[in-house]
Amino acid sequence: MGEGESAMESMECLKDIMEFYRGKKVLITGHTGFKGTWLCKILVDAGAEVTGYALGAPTDPSLYGLSGISEKIHDVTGDIRDRERLWEVFESTRPEIVLHLAAQPIVRASYQDPSYTYETNVMGTVNICECIRKSTCVKSFLNVTTDKVYLNKEWEWGYRESDALDGYDPYSNSKSCSELVTHSYINSFFQEQGIAVSTARAGNVIGGGDFAQDRIIPDCIRAVMRGDEIIVRNPDSVRPYQHVLEPLFAYLLIARKQYEDPAYADFYNVGPDECDCVTTGELVTIFCSKWGKNQIWINRSAGGPHEAGFLRLDCSKLKQRLGWKPKWHIEEAVDMTCQFTRVYGTRGDIEQEMAREIEEFVR
């Protein structure tokens, strides 16, 4: 098969994903976050009936607020730890597909408040699983976890889905627990009920509209917009970086395939090709090049708690079973992030920019 044929198949795949969700009832937890907002936008553009369940946007400013997406979905304010409130939403909206993104997602924050992290990431998963178990409407459920669920041995090859789960820090460990909760519900209830369930272990995402603290590209953007130096605390750390649209379309593909055929339900790594697993220093160098203005960065360790030094994913299962392949390489992902940031910096139309990027990704 030639390169042109592969590109054509990939394009058709993305268009098919969008078409599948037209008219589907989809519940997204954590919809006010960075990834959740982009996911809402994709599904709204596809014609889905979207319900979002989450606390308010986690940052100020927030992509959720800038995008105006709340006016185009059923926007429910609720805590994932509140099972009764969550069940009310299930009863009133009767979703066919559930995408669970709600989480406390920051490693450093998990050291500061481990109890809240476990309550949200573990019991939140229990609550969503309980609601699905009690429902009669859900056909497809995807729990989004993280690449950090694995027992990290700092080896150079990518972790496979069969490798041991045992995240080190409270965030990573809570997501390992979330995986195990899901596995138990699959074995104990969901298989017998005919509900297709998968988990997606995604790598680090970058993209326009991420205003979170302690994430490398948002930290870079804040620095350049203030005119400050970019400080990189762990330049030699290797991570599977990818543009935010990459995993989101992979999530939608998984949820679609198992909706149509429960045999596709499984545990999937979602990450970039090996050539795009770069060090933090390399990523920031690419950012400086794309941003221009003779931007530079400096290495200055800020100390802090343990974080994994080397992390890669083996995504061959997703590629072979579902026909998935990444579309944008790391330089394209950073360039798109810089384009978005310039629109934001000039008070441009954020909703229009999101639509443009989604259209370009699909095209």
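Keep in mind that what you see is a predicted model, and the values were worked out from it rather than measured.

(A) The overall build of the chain, seen in detail. Scanning the chain for helices and strands turns up 13 helices and 13 strands. Taking 2.2 N^0.38 as the reference for a compact globule, 363 residues should give roughly 21 Å; the C-alpha atoms of the chain span a radius of gyration of 19 Å, in line with that estimate. Each principal axis of the C-alpha atoms in the chain carries an extent, and together these give about 60 × 45 × 40 Å. For the chain, the residues scored as buried account for 58% of the 363 residues in total.

(B) A look at unusual backbone geometry. Residues Asp60 and Pro61 are joined by a peptide bond in cis, for which omega reads 5 degrees. Phi at Arg94 is positive, roughly 45 degrees, even though this residue is not glycine. A relative accessible area of 41% places Arg94 in the partly exposed class. Positive phi is not limited to glycine here, since Arg347 has a value of about 60 degrees. Its location among the elements puts Arg347 in the loop between α12 (330–345) and α13 (350–362).

(C) Fine view of the pairing of strand β2 (residues 49–54). Burial of β2 is extensive: 5 of the 6 residues sit out of reach of the surface. When strand β1 (residues 25–29) meets β2, the two strands line up parallel, connected through 5 bridges. Paired with Ile28 across the two strands is Gly52, which belongs to β2. In this view, the connection linking β1 to its parallel neighbour β2 by way of helix α2 (residues 34–46) has right-handed handedness. Judged from the 4 bridges that link them, β2 and strand β3 (residues 74–77) form a sheet pairing that is parallel. Bridging across to β3, Gly52 finds its partner in Asp75.

(D) Structural view of the sheet that holds strand β4 (residues 97–100). The 7 strands are arranged β3-β2-β1-β4-β5-β6-β11 in an open sheet whose pairing can be described as parallel. This sheet does not close on itself; its edge strands, each paired only once, are β3 and β11 (267–270). Neighbour-to-neighbour, the strand axes of this sheet turn through a mean angle of 15 degrees, independent of strand direction. In terms of strand pairing, β4 meets strand β5 (residues 140–144) through 4 bridges, oriented parallel. Considered in β5, the bridge of His100 is made with Asn143. The strands that helix α4 (residues 83–93) touches are β1, β2, β3 and β4; relative to β2, the one it contacts most, it runs at about 170 degrees.

(E) Structural context of empty space enclosed by the protein. In total, this model carries 1 cavity of 30 Å³ or more according to the counting rule given. Considering only enclosed or pocket space, the largest cavity measures out at about 40 Å³ in volume. Lining the largest cavity, in full, are Tyr241, Gln242, His243, Glu246, Pro272, Asp276, Pro326, Trp328, His329, Ile330 and Ala333. Elements represented by at least two residues in the lining of the largest cavity include exactly β10 (242–243) and α12. Split into classes, the residues belonging to the lining of the largest cavity amount to 6 nonpolar, 3 polar and 2 charged.

(F) Representation of the packing of aromatic side chains in the model. Inspection of the entire model under this criterion finds 13 aromatic pairs. Residues Phe20 and Tyr259 carry aromatic rings whose centres are separated by 5.3 Å and whose planes lie at 75 degrees to one another, so their mutual orientation is edge-to-face. Here Phe20 is found in helix α1 (residues 3–20), whereas its partner Tyr259 is found in helix α9 (residues 245–260), with 239 residues between them in sequence. For Phe20, a relative accessible area of 12% translates into the label buried. By relative accessible area, which is 16% here, Tyr259 ends up buried. Relative to Tyr159, the ring of Tyr150 lies with its centre 5.4 Å away and its plane at 10 degrees, an arrangement referred to as stacked. For Tyr150, a relative accessible area of 2% gives the class buried. Each member of the aromatic cluster is reached from another via a ring pair, and the members are Tyr150, Trp155, Trp157 and Tyr159. Its end group placed over the ring of Tyr264, Lys257 keeps NZ or CZ at 4.6 Å from the ring centre. Geometry around Tyr268 places Lys317 over its ring, the cationic atom sitting 5.7 Å from the centre.

(G) View of the environment of Asp236. Within the secondary structure, Asp236 is located in the loop between β8 (230–232) and β9 (238–240). Its relative accessible area of 65% is what places Asp236 among the exposed residues.

Calculation rules
- Residues numbered from 1 in each chain as written.
- Predicted model: local features only at pLDDT ≥ 70, side-chain atom pairs only at ≥ 80, totals over all residues.
- Heavy atoms only, no water.
- Helix = DSSP H or I, 4+ residues; strand = E, 2+ residues; numbered from the N terminus.
- Rg over C-alpha atoms; globule rule 2.2 N^0.38 Å.
- Buried < 20%, exposed > 50% of the residue type's maximum accessible area, 1.4 Å probe, protein only.
- Pairing = 2+ DSSP bridges.
- Right-handed = clockwise from strand over helix to strand, strands pointing away.
- Axes fitted to C-alpha atoms, helices over the stretch in contact; angles between N-to-C directions.
- Contact = heavy atoms within 4.5 Å.
- 1 Å grid on protein atoms, 1.4 Å probe; cavity = no way out; pocket = protein on both sides within 12 Å on 5 of 7 lines; lining within 4 Å.
- Points joined across faces, edges and corners; volume = space filled by probe spheres on them.
- Nonpolar A, V, L, I, M, F, W, Y, C, P; charged D, E, K, R; others polar.
- Phe/Tyr/Trp six-rings, centres within 6.5 Å; stacked < 30°, edge-to-face > 60°.
- Lys NZ or Arg CZ within 6 Å of the ring centre and 35° of its normal.

Just geometry here; none of it tells us what the structure is for.
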